[in-house]
Amino acid sequence: MTGQERSEEKSECVSLSPMMEAVPAPPESERVCVFGTGDLGRSLGLRLLQAGYGVVFGSRRPHSRSSLLPHGAQVLGHAAAAQSAHLIFIAVQREHYDFLVPLANQLKGKVLVDLSNNLRKNQYPEANAEYLQSLVPGAEVVKGFNTLSAWSLQNGPSDANRQVYICGESVEAKQAVIAVAIKLGFSALDRGFLSVARELEDFPLQLFPQWRLPLRIAIGLSAAFFFYLLIRDIIYAYVTQSKDISFRIMVSLANKVCPIVSLIMLSLCYLPGVLASFLQLYRGTKYRRFPDWLDRWMLCRKQLGLLALGFAFLHVLYTLIIPIRYYVRFKATERTVSVIRENRTTEFDTTTAWRGDSYLSLGILGFGLYVLLGITSLPSVSNALSWREFSFIQSKLGHLTLLFCTAHTYLYGWNRFLSSSTYKWYTPPGYMLCLVLPSVVLLLKLLLITPCVDRTITRIRQGWERGADQRNPKDSQPLIP
């Protein structure tokens, strides 16, 4: 190397602090390199520094980037930075990979971690990591850390984004990346060879993948009951009585749709578990897969429950504004004036008082348990609970919530089902329709908790199979000491 080359290499090295020259450089095994000084690269560098790694940034213009990078890191030109560490994070977009081609010799034998993502699916014929491997065939390319944002890297791993997916051809290279991920506080999962990179790159492009089915159900139920109640309440009054009560669409109609959808979706959270139990009873074993539709249904129960809680919140808010509505205040004033003019008195009805207080009390208790279920479904809370505690809240208290909300709706209807005026155009009211599914779920659950059925299900879930004793008679014989 000539003196001029040495001076150029020295000029590429820029310390972020005047004291950096006095700090001994960490060994190469504990030193990592980051190509890219954008938000993601800077956040990753900061996180690596906090974990005890020596960080060297590679940049096209090292002098102009020094003030933007974390304190304690070094900034070098790409060639010098590539030679300083064995593990290199590529935090640049695919369009800028060309600068790596002249560095092929320096990157030979190095581990390159590709963090890039695309703007849309199938944007390129091959995955970014595969393209990177073709540019630098002598390096070991690993896809990873691409599902993390700069914000999550700066603030540390939380329960919602703790998972890091890794894939690559070299086992040793992947182990090196996994070791770094674990030291940073993440949980790494090896997804296999580099051919899986396209799948990993598609992960950040997915928009609420687990919420699609629950959202479709919620929108479908809301639209169906909205138009059903619109016909029964608004259009019926206009056709038969020539009364325009269309103003009730905004609050009254919405306050009927929300609890109906909430109760049905809460029932849909617990119906698949009941069906799975009966399926295991029918099969007599737990060692057979559930149908795909039941698997999908069970996987989206959390989302169904959270949407149900959202509709319950809307129902509570709509109910709280009832006293301040103009229509309600007008009716109350009109009724009071009418009673005074006619000098009428009304006797206190104890039955109505009991019904009203019970209806409100069960609604409050049901909503309180609803909120508890929603809170414990958060990862930060559920991770602090044991499996028995989580199961008790989500299963036992969940069915109790369904019971309270169903009883709340029954008390709302009371004896109205006996009146013919309830069935406008011979159609049942919405609350009657929404009671069908929760009633079925509660009845099926009642059958499952009976001692004889519960005992059989417990044995099946502990590994017992119906007919296993007849197939293996020797296994059923007691051992004689």
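An account of the accompanying structure is given in this report. Residue numbers restart at each chain and count upward from 1, following the sequence in its written direction. Note on the predicted model: pLDDT of at least 70 is required for a residue's local features to be given, and 80 or more for side-chain atom pairs to be given and counted; whole-chain, interface and lining totals, by contrast, use all residues. Only hydrogens and water are set aside; all other atoms, that is, all heavy atoms of the structure, feed into the side-chain values.

Quick look at the pattern of salt bridges now. Any two side chains of opposite charge can pair, given that their charged atoms come close. Counted as salt bridges are all cases of a side-chain nitrogen of Lys or Arg within 4 Å of a carboxyl oxygen of Asp or Glu. Overall, the coordinates contain 13 salt bridges when judged by the stated rule. Linking E126 and R94 is a salt bridge whose minimum nitrogen-to-oxygen distance equals 2.1 Å. Here R94 lies in the loop between β5 (87-90) and α5 (104-107) and E126 lies in the loop between β6 (111-114) and α6 (128-135), a separation of 32 residues in the sequence. Each residue's exposure class comes from its accessible area (1.4 Å probe, protein chains only) as a fraction of the maximum for that residue type: buried when under 20%, exposed when over 50%, partly exposed otherwise. E126 sits in the partly exposed class, given a relative accessible area of 26%. Residue classification places R94 among the buried positions, given a relative accessible area of 9%. Helix numbering and strand numbering both begin at the N terminus, where a helix is a DSSP run of H or I of at least 4 residues and a strand a DSSP run of E of at least 2.

On to a positive patch on the surface, then. Here the term patch refers to residues with relative accessible area over 30% and no salt bridge, with like charges joined within 9 Å and nonpolar side chains (Val, Leu, Ile, Met, Phe, Trp, Tyr) within 5 Å. Computed with a 1.4 Å probe, the accessible areas rest on the Shrake-Rupley method; for each residue, only the protein chains presented here act as cover. The positive count covers Lys and Arg only, the negative count covers Asp and Glu only, and His and the chain ends enter neither. A single reference atom marks each charge: NZ on Lys, CZ on Arg, CG on Asp, CD on Glu. A contiguous patch of positive charge, built from K121, R212, R216 and R296, is present on the exposed surface. When you line up the elements, R216 lands in helix α10 (residues 212-241). For R216, a relative accessible area of 60% gives the class exposed.

Right, let's get into the nonpolar core. In this text, buried Ala, Val, Leu, Ile, Met, Phe, Trp, Tyr and Cys residues form a nonpolar core when linked through side-chain atoms within 4.5 Å. Membership of the largest hydrophobic core comes to 48 residues, with the highest contact counts inside it found for I264, M265, W297, L304 and Y370. Here the element with the most residues in this core is helix α11 (residues 252-283); it accounts for 16 residues. Two residues qualify as a contact provided that any one of their heavy atoms is within 4.5 Å of a heavy atom in the partner residue. Residues within four places of Y370 in sequence aside, it is in contact with S262, L266, G305, A308, L309, A312, T401 and C405.

Okay, empty space enclosed by the protein next. Residues are called lining when one of their atoms sits within 4 Å of a cavity or pocket point, these points coming from a 1 Å grid over the protein atoms alone, where a cavity is a set in which a 1.4 Å probe fits but cannot get out and a pocket is an open set with protein on both sides within 12 Å along at least five of seven lines. Grid points are joined across faces, edges and corners, and a volume is the space filled by probe spheres set on the points. Applying the stated criterion to the full structure yields one cavity of 30 Å³ or more. Approximately 50 Å³ is the volume attributed to the largest cavity. In this structure, the largest cavity is lined by N118, R120, K121, N122, Q123, Y124, E126, A127, R198, E201 and D202. Tallied by class, the residues present in the lining of the largest cavity amount to two nonpolar, three polar and six charged. Residues were grouped as follows: Ala, Val, Leu, Ile, Met, Phe, Trp, Tyr, Cys and Pro as nonpolar; Asp, Glu, Lys and Arg as charged; and all remaining residues, including Gly, as polar.

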